[in-house]
Amino acid sequence: KLGIATFMLWASRDPRKYLATVWLLVWLELLHGVVDDVYLIARGYSAAEYIPFIVVHLIIIGTGLMFARQASAESASPLKA
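Description of the structure in this document.

### Some remarks on the nonpolar core
- In terms of nonpolar packing, the biggest core is built from 13 residues, with Met 8 and Val 22 touching the most fellow members.
- Put simply, the parts of the chain that give this core at least two residues each are helix H1 (2-11), helix H2 (19-42) and helix H3 (47-76).
- In terms of residues, this core owes the most to one element, H2, which gives 5 residues.

### Some remarks on H1
- Buried within H1 are the following residues: Ile 4, Met 8 and Ala 11. Angular distribution of buried residues about the axis of H1 spans 70 degrees; they occupy a single face of the element. For H1, exposure combined with an orientation more than 90 degrees from the buried face picks out Leu 2, Gly 3 and Leu 9.

Each value, and the rule that gives it
- Residues numbered from 1 in each chain as written.
- Predicted model: local features only at pLDDT ≥ 70, side-chain atom pairs only at ≥ 80, totals over all residues.
- Heavy atoms only, no water.
- Core = buried A, V, L, I, M, F, W, Y, C linked by side-chain atoms within 4.5 Å.
- Buried < 20%, exposed > 50% of the residue type's maximum accessible area, 1.4 Å probe, protein only.
- Helix = DSSP H or I, 4+ residues; strand = E, 2+ residues; numbered from the N terminus.
- Arc of directions from axis to C-beta.

Below you can see the structure in the form of structure tokens.
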């Protein structure tokens, strides 16, 4: 998790350059973060312990989506003179 967060911060310096990787990491956060935590809750682990992690994952996903879409829009728009 720390590696994903560190790379996301590093990629935020030039998100257009690493756009595909940012999208991949957003999906990994969703699948490896949120889905795994929900699975653990369903298996009987304490929901009170895992819900804060789910919230953190959702914040990371939301932020990643927001900036990836912004970078995608900037890449698609023609340069202004």
